[in-house]
Amino acid sequence: MMEHMINESSGSFIIDSHHHFWDLGKFKYDWMPNEPNILLRNYLPDDLVPLLKHNGVSGTILIQAHQSIEEAEFLLDLAKNNRYIHGVVIWVDLTSINVSKTLDRLIKCPKLVGVRHQVENEPDVTWLNRDDVLRGLKEVAHRGLAYDLLIRPIHLKHIPDLAEKIPELRMVVDHIAKPAIRTGSIESWAKDITVLATVPNIYCKVSGMVTEAAPGKYSADDFKPYVSHVRDSFGIDRLMWGSDWPVCLLAANYSMVLNVALDALGYLTY
């Protein structure tokens with residue numbers, strides 16, 4: 001995965017594995033801050049194109065931002081009409097008795113590659129191990145789709161149990177599980193990441209870090225202990241980079257996010 005994150009002149013390419021689009025006229029995004037901020041406008045495919053060109057990014061994976069089938073259909077339609085979107089990770093109701101039918105309908109779009117639920121907002125930290133959720137995740141695995149883990153450090157210790165129950169399910173940890181970069185806390189998170197990385201079908205995104213740091217006060221060095229640990233734990237071949245654009249704009253622009261990741265990762269070839 002991460003071996004592709006090198007300069008295009010070397011013959012390789014960069015894939016942004018995590019970004020969003022949204023249309024405020026179509027959906028209400030409850031997770032967005034209420035006060036005026038840079039996120040409260042539409043972000044659509046044409047807005048991203050110049051950023052990709054400027055940074056040498058060849059393709060992207062589009063990630064859900066609204067928990068609805070309507071948004072899933074909206075994102076898949078955007079992907080059909082924009083060649084640089086290589087895949088889409090959507091939301092479906094994993095607890096629904098109709099989840100298999102929903103997946104069978106949506107998977108007709110060849111760019112559907114995964115499913116995500118905003119687990120970080122669930123009051124039950126063991127939500128992923130509930131029987132009804134497990135039933136839905138088995139349907140995801142059965143169709144060869146990946147599952148994106150939008151979680152926080154408190155959830156990490158529950159993921160190996162999930163992997164044991166559904167060993168065929170490929171999972172991707174979003175945003176390195178959002179460690180407390182702002183305070184520099186690392187020990188407990190690092191221990192759980194080490195355990196998690198022993199599961200061979202779990203991958204990790206080096207993404208979403210700038211919004212977990214102290215606003216306007218961070219430096220690239222603040223991220224290095226965390227990125228070094230996921231690199232050492234997962235290895236380069238199970239890491240991927242994601243911009244988390246446009247959410248990242250709360251703390252940094254697209255180029256800054258890419259450069260922070262590259263700087264923290266260091267030398268990338270085997």
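Above this text you will find the structure in question.
So, here is what we can say about the structure in this document.

**Some points on the pattern of salt bridges**
Thinking step 1. Under the defined criterion, the tally for this structure stands at 16 salt bridges.
Thinking step 2. Lysine 28 serves as the salt-bridge partner of aspartate 30, at 3.0 Å between the closest nitrogen and oxygen.
Thinking step 3. With a closest N to O distance of 3.6 Å, aspartate 263 and lysine 224 form a salt bridge. Taken together, the residues aspartate 263 in helix H9 (residues 254-265) and lysine 224 in helix H8 (residues 224-234) connect sequence positions 39 residues apart.
Thinking step 4. A relative accessible area of 27% places lysine 224 in the partly exposed class.
Thinking step 5. A cluster of three or more residues bridged by salt bridges with shared partners is formed by Arg116, Asp148, Asp174 and Lys205.

**Re helix H2 (residues 69-80)**
Thinking step 1. Its 12 residues place the ends of H2 17 Å apart at the C-alpha level, agreeing with the 16 Å of an ideal helix rising 1.5 Å per residue.
Thinking step 2. Buried within H2 are the following residues: Glu71, Ala72, Phe74, Leu75, Leu76, Leu78 and Ala79.
Thinking step 3. Turning to H2, the residues buried within the fold contact helix H1 (45-55), strand E2 (57-63), strand E3 (85-90), helix H3 (99-106) and strand E4 (112-117).

**Things to note about the environment of leucine 250**
Thinking step 1. Summarising the element assignment, leucine 250 is placed in the loop between strand E8 (239-241) and H9.
Thinking step 2. Sequence separation between leucine 250 and arginine 231 is 19 residues; the distance between their C-alpha atoms is 26 Å.

**Things to note about empty space enclosed by the protein**
Thinking step 1. The full count for this structure, using the stated rule, is one cavity of 30 Å³ or more.
Thinking step 2. Approximately 40 Å³ is the volume found for the largest cavity.
Thinking step 3. Every residue along the wall of the largest cavity is listed here: Val206, Ser207, Gly208, Met209, Val210, Trp241, Gly242, Val257, Val260 and Ala261.
Thinking step 4. Counting residues per element, the lining of the largest cavity draws most heavily on H9, at three residues.

**Considerations on the nonpolar core**
Thinking step 1. Leu128 and Tyr147 are the most contacted members of the largest nonpolar core, which totals 85 residues.
Thinking step 2. Filtering out sequence-adjacent residues up to four positions away, leucine 128 remains in contact with Val119, Val133, Leu134, Leu137, Tyr147, Leu149, Ile151, Ile159 and Leu162.

**What about the packing of H3 against helix H4 (residues 131-142)?**
Thinking step 1. One way to put it is that H3 packs onto H4 with a least axis distance of 10 Å and a crossing angle of 30 degrees. In this view, H3 runs roughly parallel relative to H4, as classed from their interaxial angle. Crossing hand, H3 versus H4: right-handed. The residues of H4 that touch H3, namely those facing Val99, Ser100 and Leu103, are Gly136, Glu139 and Val140.
Thinking step 2. Along the lines of polarity and charge, the residues of the contact of H3 with H4 split into three nonpolar, two polar and one charged.

**A closer look at unusual backbone geometry**
Negative phi is the rule for most residues except glycine; trans is the rule for most peptide bonds.
Thinking step 1. Across the junction of tryptophan 245 and proline 246, the peptide omega takes the value 0 degrees, indicating a cis bond.
Thinking step 2. At alanine 177, a position not held by glycine, the phi torsion is positive, near 65 degrees.
Thinking step 3. Positionally, alanine 177 belongs in the loop between strand E6 (171-173) and helix H7 (187-196).
Thinking step 4. In the Ramachandran plot, lysine 178 falls in the positive-phi region, its phi being about 55 degrees despite a non-glycine side chain.

**Thoughts on the side chain of histidine 20**
Thinking step 1. By the element assignment, histidine 20 lies in the loop between strand E1 (14-19) and H1.
Thinking step 2. Owing to a relative accessible area of 4%, histidine 20 belongs among the buried residues under this scheme.
Thinking step 3. Among the polar contacts made by the side chain of histidine 20, one reaches the main-chain carbonyl oxygen of isoleucine 63 at a distance of 3.0 Å.
Thinking step 4. In this view, histidine 20 contacts Leu62, Ile63, Gln64, Ala65, Arg116, Asp244, Trp245, Pro246 and Val247; residues no more than four positions away in its chain are not counted.

**Focus on the sheet that holds E2**
As a general point, the strands of a sheet are linked pairwise by backbone hydrogen bonds and lie either parallel or antiparallel.
Thinking step 1. The sheet built from eight strands is open, its strands ordered E1-E2-E3-E4-E5-E6-E7-E8 with parallel pairing. The sheet is open, and its two edges are formed by E1 and E8, each paired on a single side. Looking at each pair of strands side by side, their axes are set apart by 25 degrees on average, direction ignored.
Thinking step 2. Pairing of E1 with E2 involves four bridges; the strand directions are parallel. Residue pairing across strands places aspartate 16 opposite threonine 60, the latter belonging to E2.

**So, the side chain of aspartate 23**
Thinking step 1. Locating aspartate 23 in the fold gives a position in the loop between E1 and H1.
Thinking step 2. Here aspartate 23 occupies a buried position and makes no salt bridge, while the nearest side chain of opposite charge, lysine 26, is found at 4.7 Å.

Rules used throughout
- Residues numbered from 1 in each chain as written.
- Predicted model: local features only at pLDDT ≥ 70, side-chain atom pairs only at ≥ 80, totals over all residues.
- Heavy atoms only, no water.
- Salt bridge = Lys/Arg side-chain N within 4 Å of Asp/Glu carboxyl O.
- Helix = DSSP H or I, 4+ residues; strand = E, 2+ residues; numbered from the N terminus.
- Buried < 20%, exposed > 50% of the residue type's maximum accessible area, 1.4 Å probe, protein only.
- Expected span 1.5 Å × (residues − 1).
- Contact = heavy atoms within 4.5 Å.
- 1 Å grid on protein atoms, 1.4 Å probe; cavity = no way out; pocket = protein on both sides within 12 Å on 5 of 7 lines; lining within 4 Å.
- Points joined across faces, edges and corners; volume = space filled by probe spheres on them.
- Core = buried A, V, L, I, M, F, W, Y, C linked by side-chain atoms within 4.5 Å.
- Axes fitted to C-alpha atoms, helices over the stretch in contact; angles between N-to-C directions.
- Parallel < 35°, antiparallel > 145°, perpendicular 65-115°, else oblique.
- Left-handed = near helix turned anticlockwise from the far one by under 90°.
- Nonpolar A, V, L, I, M, F, W, Y, C, P; charged D, E, K, R; others polar.
- Polar contact = N/O pair within 3.5 Å; in protein donor to acceptor, adjacent residues only side chain to side chain.
- Pairing = 2+ DSSP bridges.
- Lys, Arg positive; Asp, Glu negative; His and termini not counted.

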